[in-house]
Structure formats: structure tokens, C-alpha cells
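Summary of structural features
Take a look at the letters that make up each chain.
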Amino acid sequence: MNDLLIKTQDIINSVKLNGDKAVMNFAKQFDNVFLSQLMVTDAEFYDSENIVSDEAKEAIRFAKKQLETVCMSQLANIKNSNKIESCEGVTCERQSRPIEKVGLYIPGGSAPLISTVLMLGLPSKIVNNPVRVLCTPPNREGKINPYILYAAKLCGIEKIYKVGGAQAIAAMAYGTESIPKVDKIFGPGNSWVTQAKQLVSQDPKGAAIDMPAGPSEILVIADEKANPEYVAADLLSQAEHDVNSQVILIALSDEFISRVKMAIQEQLKKLSRKNIIEQALNNSRMIVVRDISEAILKSNQFAPEHLILQVENPESYVEKISNAGAIFLGPWAPETVGDYVTGANHVLPTYGYAKTYSGLSVADFMKFISIQRVSKIGLERIGPYAEILASLEGLDAHKNAVSLRLAGIIKNG
């Protein structure tokens, strides 16, 4: 059992046992902040409205509108009738219901993710989850970033708590005196958050999770006609997230990689998060391959969170991509626009989970119920086959439930 797992489990156990007290103690320990209460007050919401600039409000509202357009399209597809008559007298239908209680986690740290509030809060608003809880770490003054509060208010979220890290995941999974227990937890985070999400999802008394979403990843495939400055900018945009961010370039020549490295050094001089970027770049990889087909093979093996195809005619390669959280095509689609304003959701699987998980959508905030209708005629049609299959499995009571009804039909006409 590794050290991270042990320490994360200790945090979870402490929150389960001591509730708010444990959460507040961890706030002192990890965030160096002393909290008298966990929930954001109405006054703090009001103050945030006045702090956020008009320019920022316009940008946040635009991003919300873009995301809303995509979410409503997803919802319309889900709501379309799934009722089908599989044979005469037998219909099958699938109806959606909102998950009752959802918890939304918004990372804080050195870069509060305002956009993630929209990516989680807006789908949950559109789906109309009855209970929505948001947790995000406070600053050292015990305050939540005003832009996060403004975005949350746009999404109709009223219950916001000043708690981050593994303790936030534990608080939402099990509940405390202040924080309601939820059924499913959403949102990205660092390795502690990811580990906590996995642990609570394995506990029947815990909560389900959206996906194991950890530090950001980007993989860029570039051919000789790609712009090395654009490629460098895209790599830097992800490296600034976290020292553990994964940044990968797959190119066709050492000469192109050298040009990208030069562009990185030039752009890095002007960036405010240089220290974080340099640490992330120390763990980066730049790989030379024979051709684009080999590059795609390596990309599919890695299953990146973000994949950028900076190649000639990128559309021709899309169907060959089997594993990626999101794909960005061509020179005019930096991953940045996907983070904020294309309308697609930016909460995506990392750690190779794009092999089995999808990016977030409204469907993740819902559950689906199968409805089956069988008429007398329908049972006459399908019942005998059910009897045979039940007999093959040795389940006499299963067979009997059908046989009694069929006998009644024959008897009563």
C-alpha cells in the first residue's frame, strides 16, 4: 500500500469520524487558514458580484452560453423517445432521471478554475439535480475567489463550502454537520483528490464519481508543416497547470523538435507561471517517429486527455484516434478554447482512462431507468422462449412466473 493511499485514507477516516472539526483542522494544516464556518455566506456572494469586472462577467456569460448550447443539444438527444416495440405486444423504453444529490469539486491552489465551475455547475442546473453542493479551497483569509462565486451564482449554486483536497471529497461522500452527503462527486483535482475519489467510490457507503481526473495532460502530433511557435504555445498552456502536468510532443524530425524547444524558451520568458512550467517540462517527452501513423499508434497507447493534431488535413486522421479525451484539429484550435469557450466540456479523463471513460456531459448527471411493457399477446409471443432459457439456467421459479401466466391465458382465453 503506497504512502499517498495510506495518508488519503487517514484523511477520509478522520472526516468520517469527526466531521466539521476534522475539515477545519485540515484547513489549518494544509491551507494555513482558520475557519469559523464552512459555508459561503450571502454577503460573500454579494461582495463577489461587486468585485468581478464587467469585462470578466461578459466573458463568463459568453462561456456559459456556449456550454449551454451544447448541453441543451445533449439533453434533447437523451430526451428523444427511446421507446421501441421489440415484437408485437412488447415495448422497451429508457427514461432519464436526475441524480438526487451531486457534489462538485473545484480545484483552487495557485489557479482557481473558474471555467470548471461552469463545466460542472451548468450541466447539473440543466439536468436539475435537486441537491447540488460545491466545495473549493479558500485562500489564507478564508475567502473563496470572487470569480468562482460569480460563476457558481450564474449556475444557480447556493451551497458552497470552503474546503479542498481529500477532505472535501470525504466530506461530500459521507456528509458532515455542515456539508450534505451526496450520491455522486464530480470534478478534477490533484493526486490527493483523485486518490480520495477512487477510495470513496469503492465504499458502498461512500459516493460514485465521474472519472479519475487528475493533473492535466496534452499530446501534440505535429508534421513538418506545423507552426513550431503554435506547438510550443500549446505545450506551455498545459504545463502551467501543475508541476505534475504531462506534456508530450510527437514529431517527424529532430530538427522540428529543436525549433519547438527554441520557441518554448522564447515564450517562457514572458510567462508568469515560469517556475511551475519548468518543473512540468522536466517531466515532458518529445518523441520522433517515422510517420503520422506511428504517431497515432503511440497516442492511442497513451490515451491523452487532450490531443492536438497539428498536421496537414487533420480530419483524415480522426477516425484512427481511438483513445483521447478531446481532439483539437489544425492550427486554429488551441486547447485553450476547449477549456473555456467552444461549448464542449473540459472535464476529461486522464492517466490513460480515456481508453474507457468519456469527457463529462449532461448524461453523467443523470441515471436511466428501463421500462418494459408486455401485453397478453406479447407474453404469448415471448413467454415460451423465456421458459426455455430459465430451464437451461436451472431457475425453476423464473420459469414458473411465466408458465402460470401462460396457463391462465390458455384457460381463460
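**Examining the pattern of salt bridges**
In this structure the tally under the stated criterion is 13 salt bridges. Residue Asp3 is joined to Lys7 by a salt bridge in which the shortest nitrogen-to-oxygen separation is 3.1 Å. Taken together, the residues span about one helical turn, with Asp3 and Lys7 both in helix α1 (residues 3-18) at a distance of four residues. Among the salt bridges present, the one from Arg373 reaches Glu93, with a minimum N-O distance of 2.7 Å. Of this pair, Arg373 sits in strand β13 (residues 366-374) while Glu93 is found in strand β2 (residues 90-98), placing the two residues 280 residues apart along the sequence. Linked through salt bridges whose partners overlap, the residues forming this network are Glu44, Lys143 and Lys162.

**Examining a nonpolar patch on the surface**
Among the surface-exposed residues, Tyr385, Ile388, Leu389 and Leu392 lie close enough to one another that they form a single nonpolar patch of about 480 Å² accessible area. Position of Leu392 relative to the elements: it lies in helix α14 (residues 376-392). Since its relative accessible area comes to 68%, Leu392 is described here as exposed.

**Here we look at the pairing of strand β3 (residues 101-105)**
Extensive coverage of β3 is indicated by the burial of four of its five residues. Strand direction decides the pairing type here: β3 and strand β4 (residues 131-136), joined by five bridges, are parallel. Paired with Tyr105 across the strands is Cys135, a residue of β4. The sheet contact formed by β3 and strand β6 (residues 184-186) spans three bridges and is parallel. Note that in β6 the partner of Gly103 across the bridge is Ile185.

**Description of the environment of Gly206**
Note on placement: Gly206 falls in the loop between α8 (191-201) and β7 (208-209). Exposure remark for Gly206: the relative accessible area of 10% places this residue in the buried category. Along the backbone, Gly206 and Ala233 are 27 residues apart, and their C-alpha atoms lie at a distance of 41 Å. Once residues lying within four places of it in the same chain are set aside, the contact partners of Gly206 are Ala173, Tyr174, Lys181, Val182 and Val200.

**So, the sheet that holds strand β12 (residues 326-329)**
Strand order in the open sheet formed by five strands is β10-β9-β8-β11-β12, with parallel pairing between adjacent strands. Pairing within the sheet leaves two strands with one partner each, and these edge strands are β10 (285-288) and β12. Within this sheet the neighbouring strands show an average axis-to-axis angle of 15°, counted without direction. Bridge analysis of strand β11 (residues 306-310) against β12 gives four bridges, and the strand direction is parallel. Looking at β12, one finds that His306 is bridged to Ala326.

**Here's the deal with the nonpolar core**
In terms of nonpolar packing, the biggest core is built from 39 residues, with Leu104, Leu134 and Ile160 touching the most fellow members. Secondary structure elements with two or more residues in this core: α4 (54-79), β3, α5 (114-127) and α6 (146-154). Excluding residues within four positions of it along the chain, Leu134 makes contact with Leu104, Ile106, Val117, Ala152, Ile157, Lys159, Ile160 and Tyr161. Met24, Phe26, Tyr105 and Ile185 belong to the second-largest nonpolar core, a separate cluster that totals 34 residues.

**Quick notes on the sheet that holds β4**
By definition, the strands of a sheet pair up through backbone hydrogen bonds, in either a parallel or an antiparallel sense. Taking strand neighbours across the sheet as the criterion, the five strands line up as β5-β4-β3-β6-β7 in an open arrangement whose pairing is parallel. Two strands in the sheet have a free side with no partner beyond their single neighbour: β5 (159-162) and β7. With four bridges joining them, β4 and β5 adopt parallel strand pairing. The residue of β5 that forms the bridge with Val133 is Lys159.

**Topic: the packing of aromatic side chains**
For the structure on display, the rule yields four aromatic pairs. A ring pair is formed by Phe26 and Phe30, whose centres lie 5.6 Å apart and whose planes are at 10°; its orientation type is stacked. Taken together, the positions of Phe26 and Phe30, both in helix α2 (residues 20-31) and four residues apart, correspond to about one turn of that helix. A relative accessible area of 10% places Phe26 in the buried class. The lysine or arginine in question, Arg94, covers the ring of Phe368, its NZ or CZ lying 4.0 Å from the ring centre.

**Overview of helix α15 (residues 396-412)**
With 17 residues, α15 extends 24 Å from end C-alpha to end C-alpha; this agrees with the ideal 24 Å at 1.5 Å per step. For α15, every residue scored as buried is listed here: Val402, Leu406 and Ile409. Angular distribution of buried residues about the axis of α15 spans 50°; they occupy a single face of the element. What points out from α15, more than 90 degrees from its buried face, is the exposed set Asp396, Ala397, Leu404, Lys411 and Asn412. On the buried face of α15, the contacting elements are α14.

Reading the values: the criteria
Residues numbered from 1 in each chain as written. Predicted model: local features only at pLDDT ≥ 70, side-chain atom pairs only at ≥ 80, totals over all residues. Heavy atoms only, no water. Salt bridge = Lys/Arg side-chain N within 4 Å of Asp/Glu carboxyl O. Helix = DSSP H or I, 4+ residues; strand = E, 2+ residues; numbered from the N terminus. Patch = residues over 30% accessible without salt bridge, like charges linked within 9 Å, V, L, I, M, F, W, Y side chains within 5 Å. Areas by Shrake-Rupley, 256 points an atom, 1.4 Å probe, with all protein chains shown as cover. Buried < 20%, exposed > 50% of the residue type's maximum accessible area, 1.4 Å probe, protein only. Pairing = 2+ DSSP bridges. Contact = heavy atoms within 4.5 Å. Axes fitted to C-alpha atoms, helices over the stretch in contact; angles between N-to-C directions. Core = buried A, V, L, I, M, F, W, Y, C linked by side-chain atoms within 4.5 Å. Phe/Tyr/Trp six-rings, centres within 6.5 Å; stacked < 30°, edge-to-face > 60°. Lys NZ or Arg CZ within 6 Å of the ring centre and 35° of its normal. Expected span 1.5 Å × (residues − 1). Arc of directions from axis to C-beta.

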